[in-house]
Amino acid sequence: MDRTRIAQLYAHMDEFGDKTVTVAGWVRSIRDMKNFGFVVLNDGSCFKDLQVVMNREKLANYEEVAALTVGSALIITGELALTPDRPQPFELQAKTIVVEGAAQPDYPMQKKRQTREFLRTQQHLRSRTNLFRAVFRVRSVAAFAIHRFFQERGFVYVNTPIITASDAEGAGEMFRVTTIDPANPPLTQDGKVDYGQDFFGKQTNLTVSGQLQAENFAMSFGDVYTFGPTFRAENSNTRRHAAEFWMVEPEMAFCDLEGEMDVSEQMLKYVINYVMEHCPDELDMFNKFVDKGLKERLQHVATSDFARVSYTDAVKILTDAQAAGHKFEYPVKWGIDLQTEHERYLTEQHFKKPT
């Protein structure tokens, strides 16, 4: 089927004006105005929707289409009419509409805004909402930007094991991977589980880091990076903990701490700028409905020279603030691990920029 993506229509609307095109997507809403009807369609190619106009006299299956519900799949052929004086820059005047798949009456996603709690029960459909469409597209673009940043600088992308016997310097609690039957495990003479009879012949886990293998590769290629899933088994229900997440880990031979900090700062700015350039509609939605001030903060990070401070100097800044009356939940003294509240004080109140 020769179809045009909605993203193409927005990118090249002047070229498609007054021309016949075929689009395919899922219904976001349908309004029946007796003689005319309107279908709002999205095909996933961009954040914006396409408005389709139906004429009862010209569309043979008008009644069938008007009776459809949110989520139905349509293939529509029509003429693209430019409408520069209206809120939407163009609309599709439908000539034919093929109902590729009608949504069932109990289809759970509706035009109204859904709560995140409800969407957790509809994970297979949540990507059809504005929120998660934006989240997953930004994630996709950010992941591509990470790869592009390192590839443009000559780094070699290495895939490190997901199942490993390495504890990666004790980076966190690990999930066990085993083929042993927990109800009837083989035992050694001293009564312990005999992992010598397991699939790998030893205890294995889901990785918490690809650092060890990346260091090995850096000794051959110089500059390498890993970017893949990692797992932590701490039973911590906080916003800062995830059982599964993707982590970027560059390793560079013949590089000092200043060089490491340079790469970190450059990568963050590169990814932020790339996402801001390629996901403006998604970031506008986040800024308006999810996190007001987000775009301003992103711009601030992308244009600021990062502050750099040693641990000792950071502790002095914090202890001086503490002595001046600033209250920290975790009192500061040299030798402690800095907590989130300490990091936020340094970045938000003392340096007022990324640190």
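This write-up is about the structure you can find in this document. Owing to the predicted nature of the structure, the values given are computational and were not obtained by experimental measurement. Residue numbering note: each chain is counted from 1, following its sequence as written. Reporting of local features is limited, given that this is a predicted model, to residues whose pLDDT is at least 70; pairs of side-chain atoms are given and counted only at 80 or more, and all residues count toward the totals for whole chains, interfaces and linings. Note that water and hydrogens are dropped before the side-chain values are worked out from all heavy atoms of the structure.

## Regarding the sheet that holds strand β9 (residues 204-206)
- Criterion used throughout: strands pair if DSSP finds at least two bridges between them. Numbering of helices and strands runs from the N terminus; a helix is a DSSP stretch of H or I covering at least four residues, while a strand is a stretch of E covering at least two. The 3 strands lie next to each other as β7-β9-β8, forming an open sheet whose pairing is antiparallel. A strand with exactly one partner marks an edge of an open sheet, and here the two such strands are β7 (163-164) and β8 (176-177).
- By the bridge criterion, 2 bridges tie β7 to β9 in an arrangement that is antiparallel. If you follow isoleucine 163 over to β9, its bridge partner there is leucine 206.

## What to know about the packing of helix α8 (residues 280-290) against helix α9 (residues 294-303)
- Axis separation between α8 and α9 bottoms out at 8 Å; the angle between their running directions is 120°. Comparing their axes, α9 and α8 come out oblique. From α8, Leu283, Asp284, Phe286 and Asn287 reach across to α9, where they touch Leu294, Lys295 and Leu298.
- In this count, Pro and Cys sit with the nonpolar residues alongside Ala, Val, Leu, Ile, Met, Phe, Trp and Tyr, while Asp, Glu, Lys and Arg are called charged and the others, Gly among them, polar. Class assignment of the residues belonging to the contact of α8 with α9 gives a composition of 4 nonpolar, 1 polar and 2 charged. What counts as an axis is a line fitted to C-alpha atoms, over the stretch in contact for a helix, and the angles between N-to-C directions run from 0 to 180 degrees. Orientation categories follow fixed angle ranges, with anything under 35 degrees roughly parallel, anything over 145 roughly antiparallel, 65 to 115 roughly perpendicular, and all other angles oblique. Residue contacts are counted whenever heavy atoms from the two residues lie within 4.5 Å of one another.

## Thoughts on the side chain of serine 72
- On the secondary structure map, serine 72 appears in the loop between α3 (62-66) and β4 (73-82).
- For the exposure calls, accessible area comes from a 1.4 Å probe over protein chains only, and a residue counts as buried if that area is under 20% of its type's maximum, exposed if over 50%, partly exposed in between. On the basis of relative accessible area, serine 72 is assigned to the buried category, the value being 0%.
- Within the local environment of serine 72, its side chain forms a polar contact with the backbone nitrogen of alanine 103, the two atoms lying 3.0 Å apart.
- Each residue touching serine 72, except ones within four places of it in the same chain, is listed here: Gly25, Trp26, Val27, Gly101, Ala102 and Ala103. Pairs of N or O atoms are called polar contacts if they sit within 3.5 Å, as long as, within protein, a hydrogen donor faces a hydrogen acceptor (for residues adjacent in sequence, only side-chain-to-side-chain pairs).

## Describing the environment of aspartate 194
- As for its position among the elements, aspartate 194 is in the loop between β8 and β9.
- C-alpha of aspartate 194 to C-alpha of threonine 226: the two residues are 32 residues apart in sequence and 33 Å apart in space.
- Those residues in contact with aspartate 194 that sit more than four places away from it in its chain are Ile180, Pro186, Leu187 and Thr188.
- Among the polar contacts made by the side chain of aspartate 194, one reaches the side chain of glutamine 197 at a distance of 3.0 Å.

## Let's talk about helix α6 (residues 211-221)
- Of the positions making up α6, those classed as buried are Gln213, Ala214 and Ala218. All buried residues of α6 fall inside an arc of 145° around its axis, so they share one side. Exposed residues pointing more than 90 degrees away from the buried face of α6 are listed as Asn216, Met219 and Ser220.
- Those residues of α6 that are buried lie in contact with β7, β10 (223-231) and β11 (244-252). Each direction from the helix axis to a C-beta atom contributes to the arc, which is the arc of those directions.

## So, the packing of helix α10 (residues 311-323) against helix α11 (residues 340-350)
- As a packed pair, α10 and α11 sit with axes 11 Å apart at the nearest point and diverge in direction by 80°. Classified by the angle their axes make, α10 and α11 are roughly perpendicular. Residues Ala314, Ile317, Leu318 and Ala321 of α10 form the contact with α11, whose own contacting residues are His342, Tyr345, Leu346 and His350.
- Taken together, the residues of the contact of α10 with α11 break down into 6 nonpolar, 2 polar and no charged.

## Let's talk about a nonpolar patch on the surface
- Judged by side-chain polarity, Ile162, Ile163, Phe199 and Phe200 come together as a nonpolar surface patch covering roughly 420 Å² of accessible area.
- Note on placement: isoleucine 162 falls in the loop between β6 (156-157) and β7. Patches were defined on residues exceeding 30% relative accessible area and lacking a salt bridge, with like-charge contacts within 9 Å and nonpolar side-chain contacts (Val, Leu, Ile, Met, Phe, Trp, Tyr) within 5 Å. Here the accessible surface of atoms and residues is derived via Shrake-Rupley with a 1.4 Å probe, and residues count as covered only by protein chains that are part of the display. Counted as salt bridges are all cases of a side-chain nitrogen of Lys or Arg within 4 Å of a carboxyl oxygen of Asp or Glu.

## Remarks on the state of the cysteines
- Our working definition of a disulfide is a cysteine sulfur pair at a distance within 2.5 Å. Summed over all chains, the structure comprises 0 disulfides.
- Free of any disulfide, cysteine 46 has its nearest neighbouring cysteine sulfur in cysteine 279, separated by 11 Å.
- Classification of cysteine 46 as buried rests on a relative accessible area of 14%.

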